[in-house]
Each structure stands twice: as C-alpha cells, then as structure tokens.
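Secondary and tertiary structure notes
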Amino acid sequence: MAAGALPGFRDFYPDEFALRAHIFRAWRNVARRYAFVEYDGPPLEPLDLYTKKSGDEIVGQLYNFVDKGGREVTLRPEMTPTFARMVAARANAIRKPVRWFSVPQLFRYERAQRGRLREHFQLNVDIVGEPSELADAELLSVAIDIMRELGLGPDDVRARVSDRRLLNALLVEIGVTEEQLPTVYAVLDKFARQPHQISIDKMAAAGLEPKTIDAVMAFGEAGTLADLRERFKHSEALAPHFERFGRYLDHLHAQGNGAWIDLDLTIVRGLAYYTGTVFELFDAKGELRAICGGGRYDNLLQALGGVDLPALGFGMGDVVLGELLKERGLVPAATGNAADLYIVGGDGVLAHGVANALILARHLRRTGFSVDYALSADKYVSQASRNQLDSARKSGARAAIAFDSEDQVVVQGLFGKVSEAPKHHFDAAPLLDGDTMAYAALKDWIDRNIPSRQTD
RNA sequence: GUGGCUGUAGCUCAACUGGUUAGAGCACCGGUCUGUGGCACCGGGGGUUGCGGGUUCAAGUCCCGUCAGUCACCCCA
C-alpha cells in the first residue's frame, strides 16, 4: 500500500469532501439563522498562548515546533484562546452581546482512535457579554438546530445539561468539602464509564462520609429537575440555583427544544474553566463520543485576555458528527456534484465536429448549466453514442444532449427506462449562434421535464 | 505514552493441516448489442499478500521487529 496521509490526518476524496461540505453548510446556515457572524484566526500560534494557562504538560498534546525564526509555535489545538485574544483586543469597540462563530481546523498530537484524529474541523459558537440564562438557552438551541438541519431528531441525539453552580451548591449541601470537590467531579465525570465500586472507593479515599458518598452516587442517576427540587426543597442556599436553572429549561422548552433535553449532573466537562451551565450532545445509543460540548465560562476572558466579560460557547467537531450521519444514512448522495448535461456525439456528429460541441458547452455554461463531456475529440467523434450515453449515465449527469442530426440537437433524461425518458428536439442553428431565447427555451424545458437527481 | 486485536486489488472477501503462475464479485478502462438499455455479453488494466528480517526444500499462511488501523487505558477539543 502506498504511503498515505500522516497518521490521524485525512485525505478528503470527493465523497468524503461532500460529507464535510454538507456538515459545514449546516453549521453556517444555522449559525447565520441565529445572527452569528463568522471570524477566523491563524492556524499557527505562539506556544505560550496555550502553556500560559494550561501549564507545560499540555505540550505533549500539541503539534508544536520551532520555526525558522527560532519562535516556539504550535498548530492550534483549540479556538478559545485565539477567540479570547481577539475579543479582548477590541472589547470596548465590539457591540455586546457578541455572537461569533468559526470553523477552524484544529490539531492535537495524540494517538488516533475512532472519532478522534490528530486533526479535525470544529464549529465554535460563542456569546460574549451576556450573563443572562437566555444566552445559555440560545447557545444550546443553535447546537440542537444544527442536529435538525442535518436530519437528526431527539431519538438520535440527546442534549445532556447541567450547571456547575447548581452542582457545586448541591455538593456543599450534602457535605462535600472544598478539598474533596475535584475528586467528586472526577467521579461524576466518569460515572457511566467506571464501575460504581471504584467511584465509591475513590471518594472514601478522599475522606467523604458514607452518607455523602451515597448522595453523590444518587446524583449520578439522572432524574428531573422537579425530583431534585423536591428532595432539597428545604434548602435556602439551593433555591436561587434551582430557579435560575429552571428558567434556563423554560427558555429551551419555549424554543421547542424540550424533547431533546435531559438533566444530567455527571456532565462536568473536563476543563475547569466552566463556571455555569454545561452541556454535551450525544448520540442516543451512546455508542459514539460526544458530538458537541460547551457551557458558560465567565472567568476565562479575564484569565486569557484580561477583560472581564461573561462568556459562553460550544465546540462541535466534524468527525463524530460525520460518523453519526453515516450510521443513520444521512449523508448526501455521491452524485450531488454531477453535471446537469453531458454532451454526446449523436448521429449528427460528423456535420458537427467537436468544435460545435465546445460552442454548445460554452453557451450552456453561460446559461448556468454544469456541462460535462469526454475530453477526447477522437472518442467524441468515433465512440458509439450508446457507449457515450452509458458514460454519461455513470457520471451521474441528469441529462444528455446530442447532435441528433445535421440541424437538430436532442436533450434526453438519463434516468429510468430509456424508452420512457423525456426527450426533446431543438434546432441546432440558434443554439450554435448563442441565441439567448433558444437557451431560455431549452432551460425551461429541462426545468419542467428533468427532475433533480433523487437519492436513488 | 501503556496494553490487546487486525493488516491479501480502489472496496468486500477467497486461497484445505505451510505446497504450482494469489482468485472472485463490485468498481475502473475498451468493445458488442438498431435496442424493456438504471441491462446483458466479450475483453482489458490493476497485488513485491503493509514494510523489513528469520525458520523451512517451500511462507499470504509460522516467528521477531517495524509501520498503519482499531479497541481499552491516559487525556480530553
């Protein structure tokens, strides 16, 4: 086997590129529908943009090197630091709330696995400057609408939501101390992936009381907000958190997203910078990695950019999403980019040499059609028309156009039985003269009689 | 970074306990068919069996290494 792409990197053949373009289209369509505007930054960044906040151990995960000017640089592993820098630099000039999105290619030097490569494209959607939970609902609604745009429903994808502030208050309420919080977060994060006894042992080792451990384990079993509220209705400390989270869920319901949402206190999100709502999108079967994750990170812009603005956002990668779409048969037809018209020789080919085919193609393309033909003048003249038609059919073209005789061209559909396919003759002379009306008539006939390619 | 599994044509797979020149379907290329053709039929190109060593009279098959893929850890975008 010939040397392929680097490990964890992808070659995008046309079929694969079609899927990628399909995903990008959905991302951009929905983001724009929510009035977000697109930005981008450099794919190569100074190394310390990431080491400053995360420490040197993160370097092991980066695609970093020294450039010819002696600078420590790295391919960007995430978009948030770049985003924070850009917003911070113009914090006073940008109208708030900021609604920005980006589709960067991100890089990470890690051993590749299914759904996890060394490179991926990730939609980043962020809102800056708005502390209200309505912004949180708006953000998640974007993510859910993208699922809809791609043909996925609440039976395919679940949105698991939580809130760090609520969780924190709950943990304090049941007696978890400040020092024990990281352990408990780690346990919750791995709740579904790790045997319960190990979780219990870890918490016991961290000094949690058996009663507190039981309470934490109970948080792992998803319930509704109402259940949780009922259990802790006596707590005054928790009341405001329940109210705020309740408003968040109310907004999501009003946005039509209620059927997608599950409360799940085990959604912690690895990095510690989340300060409020957090959410992840998963395939409903739970076979794949998370499709999307995000939440509120009110302190991050201060830490990274030096401006104190509340912010929230999510990232959604193309890899897991693509796997899910493939699994559900929601990938676009491979022939989606095939030509509208394929020029074949026909019986009039000797009177109309290849030059006339080129003239015809020129005017058809000017009219807006995509036009294909065999790039061999010999073949155009000498290969049997039916073989040329076979080639046209295989190319995925919707219709063929041929010089049927000395003074006529014929357009015929390339679907269904040949004998039943729509067919129409046009005078060749005005078409070769580039007569606009003749092409308008031809286009009109095609629009009426040649359906768009089905996914058959 | 650690460990398990896998690696034959572009794809899906064959090749009995090691034994002739590694096969088939699909795909691709050319042709035949005056025609129910979204066929059919004929022909063609394409493999150092991932790569490198070793054992053997003989290796796609057994052993070691390596690379790649995959799964579980680690980590999380």
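Predicted, not measured: the structure shown is a model, and the values here were computed from it. (Residues numbered from 1 in each chain as written. Chains lettered and ligands numbered in written order. Predicted model: local features only at pLDDT ≥ 70, side-chain atom pairs only at ≥ 80, totals over all residues. Heavy atoms only, no water.)

**Some points on the overall build of chain A**
- Within chain A one finds 17 helices and 17 strands.
- Here chain A has a C-alpha radius of gyration of 29 Å; the compact-globule value for 456 residues is 23 Å, and the former is much larger.
- Counting only C-alpha atoms and orienting by the principal axes, one finds that chain A spans roughly 95 × 55 × 50 Å.
- The long-range fraction of contacts in chain A, counting pairs at least 24 apart against all pairs at least 6 apart in sequence, stands at 69%.
- A total of about 22,700 Å² of accessible surface is found on chain A, and carbon and sulfur atoms cover 51% of it. (Helix = DSSP H or I, 4+ residues; strand = E, 2+ residues; numbered from the N terminus. Rg over C-alpha atoms; globule rule 2.2 N^0.38 Å. Contact = heavy atoms within 4.5 Å. Areas by Shrake-Rupley, 256 points an atom, 1.4 Å probe, with all protein chains shown as cover.)

**A look at the sheet that holds strand E16 (residues 408-413)**
- Within the open sheet, the 5 strands sit side by side as E14-E13-E15-E16-E17. Their pairing is mixed. Each of the sheet's edge strands pairs with one partner strand only, and the pair in question is strand E14 (371-372) and strand E17 (423-427).
- In terms of strand pairing, strand E13 (residues 341-344) meets E14 through 2 bridges, oriented parallel. Its bridge partner lying in E14, Tyr342 is registered against Asp372.
- Sheet strands touched by helix H15 (residues 385-395): E13, E14, strand E15 (399-403) and E16. Its angle to E13, the strand with the most contacts, is close to 165°.
- The sheet contacts of helix H17 (residues 436-449) involve E13, E15, E16 and E17, and relative to E17 the element is tilted by about 180°. (Pairing = 2+ DSSP bridges. Axes fitted to C-alpha atoms, helices over the stretch in contact; angles between N-to-C directions.)

**Comments concerning the pattern of salt bridges**
- Using the criterion set out here, one finds 22 salt bridges in the structure.
- Here Glu149 makes a salt bridge to Arg33, at a shortest N to O gap of 2.9 Å. Residue Glu149 is located in helix H4 (residues 133-149), and its partner Arg33 is located in helix H1 (residues 14-33); the two are separated by 116 residues in the primary sequence.
- Classification of Arg33 by relative accessible area gives exposed; the value is 53%.
- Between Glu138 and Arg99 there is a salt bridge whose closest N-O contact spans 2.7 Å. Placement of the pair is Glu138 in helix H4 and Arg99 in strand E5 (residues 98-102), with a sequence separation of 39 residues.
- Accessibility expressed as a relative area gives 17% for Glu138, which makes it buried.
- The class for Arg99 is partly exposed, based on a relative accessible area of 28%.
- Via salt bridges that share partners, Arg10, Glu119 and Asp318 belong to a single interconnected network. (Salt bridge = Lys/Arg side-chain N within 4 Å of Asp/Glu carboxyl O. Buried < 20%, exposed > 50% of the residue type's maximum accessible area, 1.4 Å probe, protein only.)

**Side note on the nonpolar core**
- Among the nonpolar cores identified, the biggest contains 75 residues, and Leu140, Leu281, Phe314 and Met316 are the most heavily contacted of them.
- If you tally residues by element for this core, the top one is H4, at 9 residues.
- When residues no more than four places from it in sequence are discounted, the contact partners of Leu281 are Leu140, Ala143, Met147, Val157, Arg158, Ala159, Ala290, Ile291, Cys292 and Met316.
- Among the nonpolar cores identified, the runner-up in size contains 26 residues, and Ala361, Leu364, Tyr373 and Ala428 belong to it. (Core = buried A, V, L, I, M, F, W, Y, C linked by side-chain atoms within 4.5 Å.)

**A closer look at the packing of helix H6 (residues 181-189) against helix H7 (residues 196-205)**
- With their axes 10 Å apart at the nearest point, H6 and H7 run at an angle of 175° to one another. Considered as vectors, H6 and H7 are oriented roughly antiparallel to each other. Contacts between H6 and H7 pair Thr183, Val184 and Val187 from the former with Ser199, Lys202 and Met203 from the latter.
- When the residues that make up the contact of H6 with H7 are grouped by side-chain class, the tally is 3 nonpolar, 2 polar and 1 charged. (Parallel < 35°, antiparallel > 145°, perpendicular 65-115°, else oblique. Nonpolar A, V, L, I, M, F, W, Y, C, P; charged D, E, K, R; others polar.)

**Regarding the packing of H1 against helix H12 (residues 318-327)**
- The contact between H1 and H12 brings their axes to 11 Å, and the two run at 110°. One element, H1, and the other, H12, form an angle in the roughly perpendicular class. The segment H1 lies against H12, with Leu19, His22, Ile23 and Trp27 engaging Asp318, Leu321, Gly322, Leu325 and Lys326.
- Broken down by class, the residue content of the contact of H1 with H12 amounts to 5 nonpolar, 2 polar and 2 charged.

**Side note on the environment of Ser199**
- Summarising the element assignment, Ser199 is placed in helix H7.
- Expressed as a C-alpha distance, the spacing of Ser199 and Val187, which sit 12 residues apart in the sequence, is 5.6 Å.

Coordinates in, geometry out; function isn't part of it.
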